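Now for the letters of each chain:
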Amino acid sequence: MPVAPDSRSPYRVDLIQLDLLLAAVCRAGYQLIGPSIKDGAIVYDEVSSIEELPVGWTDDQEAGRYRLQRRDDRALFGYVVGPQSWKKLLHPPRQLLWKGRRTDGGLETIAREEVTPRRAFLAVRACEIAAIGIQDRVFTQGQHADPIYAHRREQALVIAVNCTEPAGTCFCSSLGTGPEVISGFDLALTEMIDESGHWFMLEVGTDRGGALLEGLEFTPVTDTERRAVHQRVDAAARQMGRALNTKGLKKLLYDSYDHPRWDDVADRCLACSNCTMVCPTCFCTTVEDVTELSGEIAERWRRWDSCFTLDFSHLSGGSVRHSTRSRYRQWMTHKLATWQDQFDSLGCVGCGRCITWCPVGIDITEEVRQIRAHPVAARASR
Ligand code: SF4
Ligand code: SF4
C-alpha cells in the first residue's frame, strides 16, 4: 500500500512516480541536469522529464571505442558513463575569474564569477560520486580552497543511480568505488526491469533529499525486492570489463621511473590530452588574460589544462616534460602514486573513460599490468 515517505527505508517507484519526483525536484527550484543524447554520445544536459532521458539506449565501450546501441527494453539508465563527467558543472572547462574596465588612471571591476543556480544531478554513478569526493578534497580542503568550486558543490543535489550493467572499460569494483552507491547522495535509484514490471528502488540519503518526497506516495520495497536489487548490483560487480591491482602500486611506480614501458607507451600516445579532459578527477588549469581590441575591457579566465601539453610544464628555459614519455609517466604516476601522498587516495576511480576515449586505445590497467609483470626490466634499465 502506498504511504507518505517518512523514513529512509527504500521505496518502490514506478515510471509515473519517478516523473512526479523529477517534477518535484524542478518545482523545488533545482535545474535538473541528467543524461541525454547528443552527437552520438550520452552527455549531461538540462532535462525536465523522463522522456528526455536516453530511453532504450546503451553504450558499447572498449579501448578507443564508444558506440550507442539500441536496447531491447525501455531502460532509462541502461548505459554506463559517457565522455562527460559532473566535473564540467562543478569545475567548468572555462571559468571567468574577473572582468574589469579601464577608468581614468585606473581599473574598475565589472564582473567576477557568475552566481550558479541550484542544480540537481540526475543519474550520478558510484564512481562519479567517488570522483566528486576526490575533487572535494582537492578544491575545498587544504590551504588553497576554491570558492567557485565550493559554491557550485553546495548548490548541487545528487540523485545517484546504481550501476547494474558495467561497460567493458569499467574497473570500479577493483578500486572499491562502485558499482554500488554507498554514500554521498541525496537520493539514489536502482532501475529494475523484471517480471513485476519496470520499477526503481528509491533510497533517501539526506534530509534534503527526503524533503523532496513530501506530498508524494510510494510503497516500501519488500524484502524480496530489496534482495533482487542487491543481487543485480552484486552481479554488476562481477561483470567488470577490467581490473586494476592496487597492491603496492605506489612503490611499484616510484620504483619504475626508468621502466622501458614508458618508451613503449610513448610510441603509441599522441599526447592529445583526451584522457585528462574526460577524467572526472583531473583538475589542472591554466589562467589566461584577454583584452578587447579597444583596450577598454580586460578579462581573466581559468580553463582546463593538461599535463600532456608542452606548455603545461613550461618554465623559463623551456618545458620540464618535453617528451611524450615523460608526460604519460607524469600522468599515470600522479594518478596512481603521488596522488596518494598528496590527497590520501588514488586519483583514479575506475570509470574507464580514459581507456574508451583514448584515440589509440591506451589502457591504464594494461600499462600497470605490464609494469608489474616486468619489474626486473625496471631495475635493469637504471
Ligand atoms: S594516453 Fe591516449 S588520450 Fe591520453 S594523451 Fe595519449 S593518446 Fe591522448
Ligand atoms: S584515470 Fe581513467 S579510469 Fe581513472 S578516473 Fe580518470 S578517466 Fe576514469
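Residues numbered from 1 in each chain as written. Chains lettered and ligands numbered in written order. Predicted model: local features only at pLDDT ≥ 70, side-chain atom pairs only at ≥ 80, totals over all residues. Heavy atoms only, no water.

## Focus on the nonpolar core
Most often, soluble globular proteins have nonpolar side chains that are buried together.
Part 1 of the reasoning: Counting 35 residues, the largest nonpolar core has Phe77, Leu122, Leu189 and Leu202 as the members making the most contacts within it.
Part 2 of the reasoning: Tallying contributions element by element places helix 1 (residues 15-27) first for this core, with five residues.
Part 3 of the reasoning: For Leu189, the contacting residues outside a window of four places in its chain are Leu18, Phe77, Leu122, Ile159, Ala160, Val161, Asn162, Phe200, Met201 and Leu202.
Part 4 of the reasoning: Listed in part, the 34 residues of the second largest apolar core include Leu90, Ala126, Ile132 and Phe185. (Core = buried A, V, L, I, M, F, W, Y, C linked by side-chain atoms within 4.5 Å. Buried < 20%, exposed > 50% of the residue type's maximum accessible area, 1.4 Å probe, protein only. Helix = DSSP H or I, 4+ residues; strand = E, 2+ residues; numbered from the N terminus. Contact = heavy atoms within 4.5 Å.)

## Quick look at the site of ligand 1
Part 1 of the reasoning: In the vicinity of ligand 1 there are 13 residues, among which Cys269, Leu270, Cys272, Cys275 and Cys358 approach most closely.
Part 2 of the reasoning: Structurally, ligand 1 is housed in the largest cavity.
Part 3 of the reasoning: A per-class count over the shell around ligand 1 returns eleven nonpolar, two polar and no charged. (Near = heavy atom within 4 Å. 1 Å grid on protein atoms, 1.4 Å probe; cavity = no way out; pocket = protein on both sides within 12 Å on 5 of 7 lines; lining within 4 Å. Sits in = over half its atoms within 2 Å of the grid points. Nonpolar A, V, L, I, M, F, W, Y, C, P; charged D, E, K, R; others polar.)

## A closer look at the sheet that holds strand 14 (residues 297-304)
In a beta sheet, neighbouring strands pair by backbone hydrogen bonds and run either parallel or antiparallel.
Part 1 of the reasoning: In spatial order, the strands read 7-6-14-13; together these four strands make up an open sheet with antiparallel pairing. Sheet topology places strand 7 (106-112) and strand 13 (285-291) at the edges, where each strand pairs with a single neighbour. Averaged over neighbouring strand pairs, the angle between their axes works out to 20° when direction is ignored.
Part 2 of the reasoning: Pairing geometry for strand 13 and strand 14, over seven bridges, is antiparallel. Pairing of Thr291 across the sheet is with Ala298, part of strand 14. (Pairing = 2+ DSSP bridges. Axes fitted to C-alpha atoms, helices over the stretch in contact; angles between N-to-C directions.)

## Overview of helix 3 (residues 126-140)
Part 1 of the reasoning: Taking 1.5 Å of rise per residue, 15 residues should cover 21 Å, and helix 3 covers 21 Å from first to last C-alpha, within 8% of that figure.
Part 2 of the reasoning: Most of helix 3 sits inside the fold, with eleven of its 15 residues counted as buried.
Part 3 of the reasoning: The complete set of buried residues in helix 3 reads Ala126, Cys127, Glu128, Ile129, Ala131, Ile132, Ile134, Gln135, Asp136, Val138 and Phe139.
Part 4 of the reasoning: Within two residues after helix 3, Gly142 carries a phi angle of roughly 95°, on the positive side. (Expected span 1.5 Å × (residues − 1).)

## Notes on empty space enclosed by the protein
Part 1 of the reasoning: Within the structure shown, the criterion is met by six cavities of 30 Å³ or more.
Part 2 of the reasoning: As a volume, the largest cavity reaches approximately 130 Å³.
Part 3 of the reasoning: The wall of the largest cavity is formed by 16 residues, among which Cys269, Cys275, Tyr328, Cys358 and Ile362 lie closest to the centre.
Part 4 of the reasoning: Among the elements of the structure, helix 10 (274-278) and helix 11 (324-343) are those that each provide at least two residues to the lining of the largest cavity.
Part 5 of the reasoning: In terms of residue class, the lining of the largest cavity is built from 14 nonpolar, two polar and no charged.
Part 6 of the reasoning: In this structure, the second largest cavity encloses a volume near 100 Å³.
Part 7 of the reasoning: Contributing to the lining of the second largest cavity are 16 residues, with Cys279, Pro280, Cys348, Cys351 and Cys354 lying nearest its centre.
Part 8 of the reasoning: Only helix 11 and helix 12 (353-356) provide two or more residues apiece to the lining of the second largest cavity. (Points joined across faces, edges and corners; volume = space filled by probe spheres on them.)

## What to know about the site of ligand 2
Part 1 of the reasoning: Taken together, Phe171, Cys279, Pro280, Trp331, Lys335, Cys348, Val349, Gly350, Cys351, Gly352, Arg353 and Cys354 form the complete shell of residues around ligand 2.
Part 2 of the reasoning: Taking a 2 Å distance to the grid points as the criterion, the majority of the atoms of ligand 2 fall inside the second largest cavity.
Part 3 of the reasoning: The class makeup of the residues in the shell around ligand 2 is eight nonpolar, two polar and two charged.

## Regarding the sheet that holds strand 3 (residues 41-46)
Part 1 of the reasoning: Read from one edge of the open sheet, eight strands run 3-2-8-9-10-11-1-12, paired in mixed fashion. Each having just a single partner strand, strand 3 and strand 12 (219-220) make up the two edges of the open sheet.
Part 2 of the reasoning: The strands touched by helix 7 (residues 223-238) are strand 1 (11-14), strand 10 (187-194), strand 11 (197-204) and strand 12; relative to strand 10, the strand with the most contacts, the crossing angle is about 95°.

## Here's the deal with the packing of helix 9 (residues 261-268) against helix 11
Part 1 of the reasoning: One way to put it is that helix 9 packs onto helix 11 with a least axis distance of 8 Å and a crossing angle of 110°. Relative to helix 11, the element helix 9 is oriented roughly perpendicular. Across from Trp262, Asp263, Val265 and Ala266 in helix 9, the residues of helix 11 making contact are Thr324, Arg325, Tyr328, Arg329, Met332 and Thr333.
Part 2 of the reasoning: Grouping the constituent residues of the contact of helix 9 with helix 11 by class yields five nonpolar, two polar and three charged. (Parallel < 35°, antiparallel > 145°, perpendicular 65-115°, else oblique.)

## Some thoughts on the domain arrangement of the protein
It is common to report an interface's size as the accessible area lost on association of the parts.
Part 1 of the reasoning: In terms of domains, the protein is made up of domain 1 (11-238) and domain 2 (249-380).
Part 2 of the reasoning: Summarising the inter-unit geometry, the C-alpha centres of domain 1 and domain 2 are found 26 Å apart.
Part 3 of the reasoning: At the interface, 44 residues of domain 1 touch 38 residues of domain 2.
Part 4 of the reasoning: Buried area between domain 1 and domain 2, both sides added, is near 3,500 Å², and the carbon and sulfur share of it is 60%.
Part 5 of the reasoning: Ranking the residues of domain 1 by area buried against domain 2 places Lys87, Arg94 and Phe171 at the top, with a combined share of 16%.
Part 6 of the reasoning: The closest approach of N and O atoms between Arg353 and Glu128, which form a salt bridge, is 2.6 Å.
Part 7 of the reasoning: On inspection of domain 1 and its partner domain 2, the count reaches 29 residue pairs in polar contact (both at pLDDT 80 or more).
Part 8 of the reasoning: Broken down by class, the residue content of the side of domain 1 that touches domain 2 amounts to 22 nonpolar, eleven polar and eleven charged. (Domains from an automatic or database assignment. Buried area = accessible area lost by both parts, 1.4 Å probe. Salt bridge = Lys/Arg side-chain N within 4 Å of Asp/Glu carboxyl O. Polar contact = N/O pair within 3.5 Å; in protein donor to acceptor, adjacent residues only side chain to side chain.)

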